[in-house]
Amino acid sequence: MLSGIGPKEHLNKMKIDVAKDLPGVGSNLQDHFMISLGFRLSNVDIQEFVSSKVVTLSNFASYLFHGSGPLTTTLDAVGYVKVMHDEKYDWPDIHFYLRSSPVKPDSKDVMKKLFNYKEEVGDDLHEAASLFNSDHVSDFSILIGLAHPHSSGSIKLRSSNYLDHPIIDPSYLSDTRDVTTLVEGIHFAKKFEGAEISKKFGIRMVLFMKHCSSQHGNATDAFYECLVRSLALTEYHPCCTANMGKDPMAVTDARLRVHGISGLRVADASIMPHLTTANTQAPCYTIGEKAAHMIKQHWGLI
Ligand SMILES: Cc1cc2nc3c(=O)[nH]c(=O)nc-3n(C[C@H](O)[C@H](O)[C@H](O)COP(=O)(O)OP(=O)(O)OC[C@H]3O[C@@H](n4cnc5c(N)ncnc54)[C@H](O)[C@@H]3O)c2cc1C
């Protein structure tokens, strides 16, 4: 936008000469958005269990010599599921991760700073840990994320000075379908309590958030919605603000050339018309590789 490519009205307002009026630049901002759900084990001490089963000499050796084994990751499982009964699409609407590290209220303090959590959220988490007479709130977590959020936001210039941070409005949960999907995702995660392995280890979901339960009771959809609105956070996958396509809001064509400007392509996460179901890093590699291939084709090199 600083170069004059973007929505004409906005560029005029920023006193930037318009090189090409492309209304889609900066719109359609999408991001995966997730909530972390805590679980506790009552029949086993998680720290002891992890020390004896995971932090072992053979696992260290696997990691050091082969780059494999449980020490290669903090996310132990990833899965995809469709929780909404939406006839239009048959792809998953929730992706979930299993994270084996315990969540401590202190780590929530860090998250409060990072994610701008409200004061009451941090207080409630501290209270949860003291309720369990423990230094941690949960032994492990299941992270439930929106694979295809309906909400979308925007990015705009604050001024024509490139040193000024842009105005980023992700508009998370502005479409209530996203709230409903995450609430259904919580119901899905709760089913894990009924699994054989959960019975063996006495696993139960612990969703303690006093300011939510005092208003909405426990285990109601209103309570879960309050949890979502209090705790959900970005997965750091922003994309789609210069999406390719043919419609009036499209910014590039299918060969990633910016509409109406010769010799300029975009090759990053912004060209995606929609978020991918899974994480965005690998698709970005693909976009980069494909762009390089098309540029070589253009110059007759392949
Ligand atoms: C904390 C975090 C964790 C993540 N974890 C994962 C994960 O586990 N798995 C996954 O798949 N994805 C993950 N992602 C998302 C993934 O990293 C991004 O989707 C991906 O890197 C986006 O690629 P990109 O090319 O669009 O942009 P970027 O990777 O951001 O690349 C933009 C590049 O442009 C450069 N640049 C910016 N301004 C200028 C300028 N004016 N002039 C020249 N260069 C400039 C930047 O330095 C940067 O190198 C994570 C992202 C973050 C932030």
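Residues numbered from 1 in each chain as written. Predicted model: local features only at pLDDT ≥ 70, side-chain atom pairs only at ≥ 80, totals over all residues. Heavy atoms only, no water.

- Per an unreviewed UniProt entry, the protein chain is named Glucose dehydrogenase [FAD, quinone]-like, and its organism is Phallusia mammillata.
- Entered under Sequence similarities (unreviewed entry) in the UniProt record, the comment concerning the protein chain runs "Belongs to the GMC oxidoreductase family." (UniProt positions renumbered as here; feature names shortened; annotations may be inferred.)

**Quick notes on the overall build of the protein chain**
Working step 1: Regarding its fold elements, the protein chain presents ten helices and ten strands.
Working step 2: Each of the three principal axes of the protein chain carries a C-alpha extent, and together these read 65 × 50 × 45 Å.
Working step 3: For the protein chain, the share of sequence-separated contacts (at least 6 apart) that also reach a separation of at least 24 residues comes to 66%.
Working step 4: Summing over all exposed atoms, the protein chain offers an accessible surface of approximately 17000 Å²; the carbon and sulfur share of this is 56%. (Helix = DSSP H or I, 4+ residues; strand = E, 2+ residues; numbered from the N terminus. Contact = heavy atoms within 4.5 Å. Areas by Shrake-Rupley, 256 points an atom, 1.4 Å probe, with all protein chains shown as cover.)

**Some thoughts on the domain arrangement of the protein chain**
Working step 1: By the assigned domains, the protein chain splits into domain 1 (5-28 + 239-298) and domain 2 (33-234).
Working step 2: Centre-to-centre separation of domain 1 and domain 2, based on C-alpha positions: 32 Å.
Working step 3: Taken residue by residue, the interface counts twelve residues in domain 1 and 16 residues in domain 2.
Working step 4: For domain 1, the biggest contributors to the area lost against domain 2 are His-10, Met-14 and Thr-277; these three give 46% of the whole.
Working step 5: If you look at where domain 1 meets domain 2, you find zero salt bridges. (Domains from an automatic or database assignment. Buried area = accessible area lost by both parts, 1.4 Å probe. Salt bridge = Lys/Arg side-chain N within 4 Å of Asp/Glu carboxyl O.)

**With respect to the state of the cysteines**
Working step 1: In total, this model carries two disulfides according to the counting rule given.
Working step 2: Residue pairing for Cys-212: its cysteine sulfur links by disulfide to Cys-226, the two sulfurs lying 2.1 Å apart. The chirality of the disulfide connecting Cys-212 with Cys-226 is left-handed, given an S-S dihedral of about -75 degrees. Of the two residues, Cys-212 is situated in helix α8 (residues 210-216) and Cys-226 in helix α9 (residues 221-231); the sequence distance between them amounts to 14 residues. (Disulfide = S-S within 2.5 Å.)

**Observations concerning the environment of Lys-156**
Working step 1: Mapped onto the secondary structure, Lys-156 falls in strand β7 (residues 154-156).
Working step 2: In this structure Lys-156 comes out as partly exposed when scored by relative accessible area, which is 41%.
Working step 3: Distance from Lys-156 to Val-25, taken between C-alpha atoms, is 8.9 Å for residues 131 residues apart in sequence.
Working step 4: Every residue in contact with Lys-156, bar those within four places of it in the chain, is listed here: Met-1, His-10, Pro-166 and Ile-167. (Buried < 20%, exposed > 50% of the residue type's maximum accessible area, 1.4 Å probe, protein only.)

**Observations concerning the nonpolar core**
Working step 1: Core analysis: the largest hydrophobic core is formed by 42 residues, its most contacted members being Ile-35, Leu-37 and Leu-182.
Working step 2: For this core, the secondary structure elements donating two or more residues are β3 (33-41), β5 (94-99), α5 (119-131), β6 (140-146), α6 (176-190), β9 (203-205) and α9.
Working step 3: When near neighbours in sequence (up to four residues on either side) are disregarded, Ile-35 contacts Ile-142, Leu-143, Ile-144, Leu-182, Leu-227, Val-228, Leu-231 and Ala-232.
Working step 4: Counting residues in hydrophobic clusters, the runner-up holds 17 residues, among them Cys-239, Leu-256, Val-266 and Leu-275. (Core = buried A, V, L, I, M, F, W, Y, C linked by side-chain atoms within 4.5 Å.)

**Side note on the site of the ligand**
Working step 1: Near the ligand the following residues occur: Tyr-236, His-237, Asp-268, Ala-269, Asn-279, Thr-280, Gln-281 and Cys-284.
Working step 2: The contact in question runs from an oxygen atom of the ligand to an N or O atom on the backbone of Gln-281, over 2.8 Å.
Working step 3: Computed on the free molecule, the ligand has an accessible area of 1000 Å², of which 32% lies beneath the protein chains in the complex. (Near = heavy atom within 4 Å. Polar contact = N/O pair within 3.5 Å; in protein donor to acceptor, adjacent residues only side chain to side chain.)

**Quick notes on unusual backbone geometry**
Working step 1: Despite not being glycine, Ser-171 has its phi angle at roughly 50 degrees, a positive value.
Working step 2: Residue placement: Ser-171 occurs in the loop between β8 (167-169) and α6.
Working step 3: For Tyr-236, which is not glycine, the phi torsion reads 65 degrees and is therefore positive.
Working step 4: Turning to its location among the elements, Tyr-236 is positioned in the loop between β10 (233-234) and α10 (281-298).

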